[in-house]
Amino acid sequence: MIPSFLSSSRRARIQVPAPLMLLIAMFTLHTGSALAVTAFAQASPATITWLRLTWAALLLLVLGGPSLWRAVRAATARELGAVVILGTASAGMMLFYSEATARIELGTATSIEFLGTLVVAVAAMRRRRELVWIVAAVVGVVCLTRPWMGDLDLVGVGFALAGAVCVVGYIVLTQRVGSGFKAVHGLALAMTVGALVTAPLGAPAAIAEPDLGLIMFTLLIALLFPMVPFLLEMIALQRMSRTAYSTFSSLEPAVALVMGLIIIGQAPVAVQLVGMGLVVVAGIGAARGDRSAKPAVPGRGSAKAARSVKAVRARHSKTGPGTKDGVPGSPDREARLPERVA
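Now for a quick tour of the structure. All of these numbers come straight from a predicted model, not from anything done at the bench.

**A few points about the overall build of the protein**
When its secondary structure is counted, the protein shows 13 helices and two strands. Across the 342 residues that make up the protein, the buried fraction comes to 50%. Relative to all contacts within the protein whose residues are 6 or more apart in sequence, the contacts with residues 24 or more apart total 86%.

**Digging into the side chain of Glu99**
Turning to its location among the elements, Glu99 is positioned in helix α4 (residues 77-101). Here Glu99 is in contact with Pro45, Ala46 and Phe159, once residues within four sequence places are set aside.

**Focus: the pattern of salt bridges**
In the structure shown here, the tally under the stated rule is one salt bridge. In this structure, the salt-bridge partner of Glu99 is Arg103, at a minimum N-O distance of 2.8 Å. Residue classification places Glu99 among the buried positions, given a relative accessible area of 14%.

**Focus: the environment of Phe248**
Inspection of the secondary structure assignment puts Phe248 in helix α10 (residues 242-248). On a C-alpha basis, the gap between Phe248 and Val281 in space is 9.6 Å, while along the polypeptide they are 33 residues apart.

What counts as what
- Residues numbered from 1 in each chain as written.
- Predicted model: local features only at pLDDT ≥ 70, side-chain atom pairs only at ≥ 80, totals over all residues.
- Heavy atoms only, no water.
- Helix = DSSP H or I, 4+ residues; strand = E, 2+ residues; numbered from the N terminus.
- Buried < 20%, exposed > 50% of the residue type's maximum accessible area, 1.4 Å probe, protein only.
- Contact = heavy atoms within 4.5 Å.
- Salt bridge = Lys/Arg side-chain N within 4 Å of Asp/Glu carboxyl O.

Structure, rendered in structure tokens:
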């Protein structure tokens, strides 16, 4: 079953456009987020977050199978360190977001957390004319947040801002981990780290008063968020530029607004609908405007090939252009080494 699933995932990666993957991830994520809000009446946001991360880690470890442990043994210390940081950032992002949505509306929390994505998008932007989409997204976020109302829960806003900081680390570290591990492997390790990081905050209450119904409900939520959307995002990042990914993610506040309305009845007002339209236009415009063919995350095969070329170059620099492993060879052999890996 697992090999069949992985084979299907590889075929889907080839057939499904990366923007569509992100859209599916967004709707799945915010469906899970809205369902999680309904569970806060039974347990604290920290406990719900820990249960979700634990379920996601267990499922992904099984899904990774023996190849996961081979990947861990083959990984460098830097690659493993990136996984640990990614897991910590992911845990912080989920925990702060849960704490925020327990206090303020789903769409508002997502809009504030989206500021982290905007920071990455602006930092990666290369063409000035594309800044118009960033400006549109910022105006849309302001309309969705409605800071002029003056009735926001400041603690909830603070948690959402902390989540925005974690989002920056999540995007950057997802790209690094994606270049060193397959998506399933990298996510399995990151979710395991996240479960361990949040255990001191969420595990005591879950262990002291176990609720089988709640535990099974968090399994469903874990599939919706974080397991499926994070996996799709990691795959999509290997096929999109950082700018396209970050700005296309400006659709998230709108998606959160819709799912908050459908699942938990958080109805938007007129100005929030205007904001939703602005971020949708900004996301589509940025996705269409990014014409770079270079992915934000090179495939693992490309990363290995790059290291191989680097090792060959180092060897030739020591032995000289006229030798091969210390044996005389063609004088122009060094000149024929590839300049880069596509």
